[in-house]
Amino acid sequence: MDPDLSALDAYLDDRDTDGYLIDADSEDSDQYYLSGFDAPDPFVTLYDGETHLLFPRSLEYGRATREARAQSVQRYVDFDHAELVEEFGPEEAVSHVLAAFCESYDVESVAVPPRFPLKTADSLRARGVEVTADTDGIVTEIRATKTDEEVEHVRTAQRANEVSMAAAEELLGDASVADDGTLEYEGEALTSERVKEEIEVTLLRHGCSLDETIVACGSDAADPHDRGSGPLSADEPIIVDIFPQDKATKYHADMTRTFCVGDPSETVQEWYDLTERAMDAAFDALEPGATGQDVHDAVCEVYEDAGMATLRSDDRTETGFIHSTGHGVGLDVHELPRLSPAGGELEPGHVVTIEPGLYDPAVGGVRIEDIAVVTEDGYENLTDYEKRLVV
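Residues numbered from 1 in each chain as written. Predicted model: local features only at pLDDT ≥ 70, side-chain atom pairs only at ≥ 80, totals over all residues. Heavy atoms only, no water.

Structurally, Glu-212 can be placed in the loop between β10 (208-209) and β11 (214-217). Sequence separation between Glu-212 and Pro-244 is 32 residues, and the spatial gap between their C-alpha atoms is 8.8 Å. Leaving out residues up to four positions away in the same chain, Glu-212 has contacts with Arg-227 and Phe-243. At 2.7 Å, the side chain of Glu-212 and the side chain of Arg-227 are in polar contact. (Helix = DSSP H or I, 4+ residues; strand = E, 2+ residues; numbered from the N terminus. Contact = heavy atoms within 4.5 Å. Polar contact = N/O pair within 3.5 Å; in protein donor to acceptor, adjacent residues only side chain to side chain.)

What follows is about the nonpolar core. The nonpolar side chains of soluble globular proteins are, as a tendency, buried together. In this structure, Leu-286, Val-295, Tyr-303, Ile-354 and Leu-358 are the most contacted members of the largest nonpolar core, which totals 30 residues. Elements supplying a minimum of two residues to this core: α10 (266-285), α11 (292-305), β17 (351-354) and β20 (370-375). Residues contacting Leu-286, with those up to four places away along its chain left out, are Val-295, Leu-346, Val-352, Ile-354, Ala-372, Val-374, Gly-378 and Tyr-379. (Core = buried A, V, L, I, M, F, W, Y, C linked by side-chain atoms within 4.5 Å. Buried < 20%, exposed > 50% of the residue type's maximum accessible area, 1.4 Å probe, protein only.)

Taking 1.5 Å per residue, 14 residues should reach 20 Å; α11 reaches 20 Å between its end C-alpha atoms and fits that length. Looking at α11, one finds that the buried residues are Gly-292, Val-295, His-296, Ala-298, Val-299, Cys-300, Val-302 and Tyr-303. Buried residues belonging to α11 abut α10, β16 (335-339), β17 and β18 (357-360). Following α11 by one or two positions, Gly-307 has its phi on the positive side, about 85 degrees. (Expected span 1.5 Å × (residues − 1).)

On to the pattern of salt bridges, then. Applying the stated criterion to the full structure yields 26 salt bridges. The partner of Glu-380 in a salt bridge is Arg-155, with the nearest N and O atoms 2.8 Å apart. Here Glu-380 is found in strand β21 (residues 378-381), whereas its partner Arg-155 is found in helix α8 (residues 148-173), with 225 residues between them in sequence. What makes Glu-380 partly exposed here is its relative accessible area of 32%. According to the relative accessible area criterion, Arg-155 is buried, its value standing at 19%. Between Asp-241 and Arg-367 there is a salt bridge, with its nearest N and O atoms 3.1 Å apart. (Salt bridge = Lys/Arg side-chain N within 4 Å of Asp/Glu carboxyl O.)

Now for unusual backbone geometry. The omega torsion of the bond from Leu-336 to Pro-337 falls at 5 degrees, within 30 degrees of zero and hence cis. Along the chain, Pro-337 turns up in strand β16. At Glu-186, a position not held by glycine, the phi torsion is positive, near 50 degrees. The residue Glu-186 is located in the loop between β8 (183-185) and β9 (188-189) in this model. Residue Lys-250 is not a glycine yet carries a positive backbone phi of 75 degrees. The topology assignment puts Lys-250 in the loop between β13 (245-246) and β14 (255-259).

Taken as a whole, this structure holds 8 aromatic pairs when the rule is applied. Summarising the aromatic geometry, the rings of Phe-37 and Phe-43 are spaced 6.0 Å apart at their centres and angled 75 degrees between planes, so their arrangement reads as edge-to-face. Each member of the pair, Phe-37 as well as Phe-43, is classed as buried. Residue class for Phe-43 comes out buried when judged on its relative accessible area of 1%. An aromatic cluster of at least three residues, connected via ring pairs, comprises Phe-37, Phe-43 and Phe-55. We note Lys-250 situated over the ring of Tyr-32; from NZ or CZ to the ring centre the distance is 5.2 Å. (Phe/Tyr/Trp six-rings, centres within 6.5 Å; stacked < 30°, edge-to-face > 60°. Lys NZ or Arg CZ within 6 Å of the ring centre and 35° of its normal.)

Don't take any of this as a statement about function, it's just geometry.
Pasting the structure below:
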């Protein structure tokens, strides 16, 4: 995939800056996106209309020359690092190497991401290279608009996500209810941890992984980011939120369903139906030219008309709809654009979640989440998974 970096070119031209510099490992999504190279240790990427990589050691050099999308790949040794260490010591030698690397491409000024190593910035400045902070995060903004290939990467991750959600739902559906109201499976308590294990194993079998997921029951589900723990109970809402990363492409998906084994309370059922309506309203508002705020407001209208609190109606509320409507998904599971009061204009290629929800420790929580891509004439829902409360 060759990204369209014309916006980065324009950014550098507007600021009369020679290049854009990133010093990070490829867990930093901007680094991975700009360099096109996956490495566990930090390296430097310089963009000046072309992409140039600099590695401290030769360890990744051979693979980078074969796999990276860069026009050039170099190492410290290519800039006489050993001799500089002898002359200046190891710390100062690095600053000379970085400056020589920039000088070799006639780069006298660089912009750097909002989060950038201070030591690297000081080293460059000490050698006469002007360093300015890109407080807008231009590469992050560029990543928000996905190519068709990137959308397919998300779609592939989402298919795996749906298989893992089905495994979780099947496990819940096969559970029995113990005398104390907790769920049992094959003679043992069915816990949040056991359902997460089923999800993670299923994802691994489909080429995906995740560091953690959410299986939260009852009052745990009233906190949108509570991962959940311990035995699961019948007649209580169970929020299952899965956000895997495809191991081959590094792109994420995201989906949430709320299940109840047994009989949900009247309130939980009402909340679920209301949240489905809120989701429909959000999708009705999702189109190019609309803003993330427009989509968020559509959700708030549904909830507020039903008498539920939202952060829009009460910015101090701790119950009701207490988060934004959604977020971008790509190399990061949370990235631009935002479907929130601060959400800007939506464009074709934006991949976003729609995830309304209601929360109260006295009731539990209900959340439903799909993932979609904004298109030229509306949107395409990338999620193909049934919505039902009772399993």
